[in-house]
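So you can see what is in the structure, the chains are spelled out below.
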Amino acid sequence: MAQSTVRPPAARRDAAPAEAAVPPRASSRVPLRHRLRRDRVLLLMVLPALLLLLVFHYVPLIGNVVAFQDYDPYIADNAFQAMSQSPWIGFEHFRHMAEDRLFWQAVRNTLAIFAIQLALFFPVPVLLALFVHSFARPRVRAVAQAVLYLPHFFSWVLVITVFQQMFGGAGLIAQVLRDHGHEGFDLMTDPGLFKFLITFELIWKDAGWGVIVFLAALAAVGPDLYEAAAMDGAGRWRRIWHIQLPALRPVVALLLVLQVGNALTVGFEQILLQRTAVGPTASEVLDTYVWNTGLDNGNFGYGAAIGIVKGVFGLLMVLGANKAAHLMGEQGVYKR
Amino acid sequence: MSVLDFGIKPGSRSGLRPVWEEPPTRAGLATKGVTLTLVCLAVLFPVWVVVVTSLSSVRTITETGGLVVIPRGVTFLHYQELLSGGQVSRAALVSVGVAVVGTLFSMTVSVLCAYGLSRPGSVLHRPILLLIVATMFFGAGLIPTYLVVQGLGLTDTYLSLILPSALNVFNILVLRAFFMGTAQELIESARIDGAGDLRILWRIVMPLSRAVLAVITLFYAVGYWSAWFNASIYLSDPDMLPLQNVMQQLVIKQQRPTGLGQAINTGHLSPLAIQMAVMVLALLPVAVLSPFVQRHFKQGMLIGAVKG
């Protein structure tokens, strides 16, 4: 148990030579028919997963046509029939979006939350990893990791209820304040602090979990580097600056790309669960707006249209962030 | 446990410190110790308060005026009431059922798919892989997914909690990367001995990948156990709801548990302790299971799992 953190990640490196050592199944000269026959078991194994993705990912992609329809769910009992019978209205929903005040508010909230989380959440796992790594004892590290990872496995409902019990109007802090004759206190219903509240919740839930990848990167740094640096007179902090942070750089770049690519997806379930406490002005983000207009108010076509816009911009942002990472000499999510 | 733990006498840190590292100062050690304790407390203290309150009697809760930090006696009264039938028992059973069936289903499909794509040079594996990886870059969106689930007639069935979210492409890629790392000589020699692909997967590849299988199983299980959203949009019958959704109603929306209203009004049960007990039920399985798999987590997070 305790030893795990000291071991460098081995499996990834083992994979490459093993692959290279064995000649791949001859492919080019054997006709396709024979290769299909030869690998039919493998294809059958992939089939269930492929079917699931087809039905629940690719078919819904096509289902996005409702964004160009005045979709009426009550026209037929079944969504597919309703889709085929609803009238087409072209880009009407997209035109409406441009002048929809609530939509733009959702965009602003989404970007604001993204910026706050990038500034306040993103550095925390890096600092925590450097901190945990600085403990030499395996037992201490293992216990610290066990505690830090725990909230990641809590559901959002649980995290929010825990915060409610600590910082809510009937929570522990309010209780203690009232016992000592002060006024009550309620963080959960303050619209002005909502964006920080959800960032705080995110840090509590996932900052510890984020440590894993950074710890793995730190464990992969050879002792010779530290030794050479110490010989040259580098102290503790200089070793962090010149050895550990550069070792974390590729991982940080990768996670940044992923983060930016996901900028338009901020805490959907988390916000949905507590938005009634602060109202939509402070809390509406793109995902909750889609849910609100589409599922809650039954305007499926408009909801889907917003979903498409979000998806397209999200994809562009992944590609853009990845390009930026390449330009800065990092690898990013995929290679060129 | 590990060799390192036994080789060192209590209190001697020097054995672990590399020669080039300067000896730590007393102040530095104290600061680090205090910081680590505070960080751990930030995680554990709220959980402690929830657990203690759930185990407290109605009197203790009235006397402290709400949440209980220092335990005064332990009673399982509220757990007994919640688990002797009724809303919460049913919800807990639903959650366990969905988590068990769903995890088995997800693991079977993911492992088969990962192995099917892991043999070098097999026919069509590149286009199929591309089709699978592509789903990570653009989601279909909430509305059309809902319409498809509704169109297939899955709403108001438990299948709607399993099928739409059954696969995590990242998990499949991690499994595939590990299966590709299995020693090819073992696989080839088994093939020469006449073993088919299924047998190779079951007898050779899977036993050699136990660690990563444990991690991915935990990830899927926690995913099903913690899921709230799908049930909130696909299920309309309140009697079908899983634990997370019932917890939302009881704790976030502060509704009274059905059937226990009388006992609360007469002061036999504390509504607060009931809420806390429901929260403990929700966190118990993950808190108990995850430490067992902890040392393998890193392998489930493999970066760069995508390989042609």
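Residues numbered from 1 in each chain as written. Chains lettered and ligands numbered in written order. Predicted model: local features only at pLDDT ≥ 70, side-chain atom pairs only at ≥ 80, totals over all residues. Heavy atoms only, no water.

Turning our eyes to something else, we now look at the overall build of chain B. When helices and strands are tallied, chain B shows 17 helices and zero strands. By the compact-globule yardstick of 19 Å for 308 residues, chain B is too spread out, its C-alpha radius of gyration being 25 Å. Dimensions of chain B along its principal axes, counting C-alpha atoms only, are 75 × 65 × 35 Å. Residues classed as buried in chain B amount to 52% of the 308 residues present. For chain B, the proportion of contacts with a sequence separation of at least 24, taken over those separated by at least 6, is 73%. Seen as two clouds, the 20 positive and the 12 negative side-chain charges of chain B have centres 7 Å apart. (Helix = DSSP H or I, 4+ residues; strand = E, 2+ residues; numbered from the N terminus. Rg over C-alpha atoms; globule rule 2.2 N^0.38 Å. Buried < 20%, exposed > 50% of the residue type's maximum accessible area, 1.4 Å probe, protein only. Contact = heavy atoms within 4.5 Å. Lys, Arg positive; Asp, Glu negative; His and termini not counted. Charge placed at Lys NZ, Arg CZ, Asp CG, Glu CD.)

Turning to the overall build of chain A, a few remarks are in order. Within chain A one finds 17 helices and zero strands. When the 336 residues of chain A are sorted by exposure, 50% land in the buried category. For chain A, the exposed area adds up to about 16500 Å²; of that, 64% sits on carbon and sulfur atoms. (Areas by Shrake-Rupley, 256 points an atom, 1.4 Å probe, with all protein chains shown as cover.)

What follows is about the pattern of salt bridges. Close approach of charged atoms lets side chains of opposite charge pair. Scanning the entire structure with this criterion turns up eight salt bridges over all chains. With a shortest N-O distance of 2.9 Å, A:D39 and A:R38 are connected by a salt bridge. Overall, A:R38 belongs to the partly exposed group, its relative accessible area being 33%. Of the charged contacts, one joins B:R72 and B:E63 as a salt bridge, the two residues approaching to 2.8 Å between their closest N and O atoms. Overall, the relative accessible area of 45% leaves B:R72 in the partly exposed class. Shared partners join several salt bridges into a network, and the residues in it are B:R59, B:E63 and B:R72. (Salt bridge = Lys/Arg side-chain N within 4 Å of Asp/Glu carboxyl O.)

Turning to the nonpolar core, a few remarks are in order. A:F153, A:F154, B:L147, B:F179, B:L201, B:L243 and B:F297 are the most contacted members of the largest nonpolar core, which totals 185 residues. It is helix α11 (residues 194-219) of chain A that provides the largest number of residues to this core, a total of 14 residues. Sequence-distant contacts of A:F154, defined by excluding residues within four places in its chain, comprise A:V159, A:W204, A:K205, B:V47, B:S226, B:L283 and B:V286. If you look at the next biggest cluster of nonpolar residues, it comprises seven residues, including A:A230, A:A234, A:I243 and B:W20. (Core = buried A, V, L, I, M, F, W, Y, C linked by side-chain atoms within 4.5 Å.)

Residue and element names in this part refer to chain A. Taken domain by domain, chain A comprises domain 1 (32-90) and domain 2 (91-327). Each of domain 1 and domain 2 has a C-alpha centre, and these two points are 33 Å apart. Contacts between the two partners involve nine residues from domain 1 and, on the opposite side, 10 residues from domain 2. Interface area, domain 1 with domain 2, both sides summed: about 780 Å², of which 73% is carbon and sulfur. Three residues, A67, F68 and I89, lead the burial of domain 1 against domain 2; their summed loss comes to 46% of the area buried on that side. Across the contact surface, domain 1 and domain 2 share zero salt bridges. Here domain 1 and domain 2 share four residue pairs in polar contact (both at pLDDT 80 or more) between them. Here the side of domain 1 that touches domain 2 is composed, by residue class, of six nonpolar, three polar and no charged. (Domains from an automatic or database assignment. Buried area = accessible area lost by both parts, 1.4 Å probe. Polar contact = N/O pair within 3.5 Å; in protein donor to acceptor, adjacent residues only side chain to side chain. Nonpolar A, V, L, I, M, F, W, Y, C, P; charged D, E, K, R; others polar.)

Attention shifts here to the packing of helix α9 (residues 156-167) of chain A against helix α16 (residues 271-293) of chain B. Contact pair α9(A) / α16(B): the axes reach a minimum separation of 11 Å and the direction vectors enclose 145 degrees. For the element pair α9(A) and α16(B), the recorded crossing hand is left-handed. Where α9(A) abuts α16(B), its residues A:L158, A:T161, A:V162 and A:Q165 lie against B:L272, B:Q275, B:M276, B:M279 and B:L283. (Axes fitted to C-alpha atoms, helices over the stretch in contact; angles between N-to-C directions. Left-handed = near helix turned anticlockwise from the far one by under 90°.)

Our focus in this paragraph is the side chain of A:S86. Residue and element names in this part refer to chain A. Relative to the helices and strands, S86 is located in the loop between α4 (79-85) and α5 (92-98). Here the side chain of S86 touches D72 through a polar contact of 3.1 Å, landing on its backbone nitrogen. Here A82 takes part through its backbone oxygen, which lies 2.8 Å from a polar atom of the side chain of S86. Those residues in contact with S86 that lie beyond four places of it in its chain are Q69, D70, Y71, D72 and I75.

What follows covers the interface of chain B and chain A. Taken residue by residue, the interface counts 109 residues in chain B and 110 residues in chain A. Viewed at the interface, chain A and chain B are joined by zero salt bridges. At the junction of chain B and chain A, the tally comes to 13 residue pairs in polar contact (both at pLDDT 80 or more). With 12 residues, the single largest contributor to the side of chain B that touches chain A is helix α2 (residues 26-54) of chain B. In terms of residue class, the side of chain B that touches chain A is built from 74 nonpolar, 24 polar and 11 charged.

Now for the packing of aromatic side chains. Note on aromatic pairs: each is described by the distance of the centres and the angle between the planes. In total, this model carries 23 aromatic pairs over all chains according to the counting rule given. Seen from their ring centres, B:Y146 and B:Y234 are 5.8 Å apart, and the 10 degrees between their planes marks the pair as stacked. Of this pair, B:Y146 sits in helix α7 (residues 142-151) while B:Y234 sits in helix α13 (residues 229-234), and the two are 88 residues apart along the sequence. On the basis of relative accessible area, B:Y234 is assigned to the buried category, the value being 4%. Ring pairing ties together the aromatic residues A:Y149, A:F153, A:W209, B:F219 and B:F297, which thus form one cluster. Stacked on the ring of A:W156, the Lys or Arg A:K205 has its end atom at 5.0 Å from the ring centre. (Phe/Tyr/Trp six-rings, centres within 6.5 Å; stacked < 30°, edge-to-face > 60°. Lys NZ or Arg CZ within 6 Å of the ring centre and 35° of its normal.)

Moving on to helix α12 (residues 223-231) of chain A. Residues and elements named next belong to chain A. Among all positions in α12, only Y226, A229 and A230 are buried. Down the axis of α12, the sector holding all buried residues measures 100 degrees, keeping them to one side. Those residues of α12 that are exposed and angled more than 90 degrees off the buried face are D224 and M231. Where α12 is buried, its residues meet α7 (123-133), α11 and α13 (236-261). The first or second residue beyond α12 is G233, which carries a positive phi of 90 degrees. (Arc of directions from axis to C-beta.)

Next up on the list: the domain arrangement of chain B. Parsing chain B into structural domains produces domain 1 (1-46) and domain 2 (80-300). Spacing between the C-alpha centres of domain 1 of chain B and domain 2 of chain B amounts to 36 Å.

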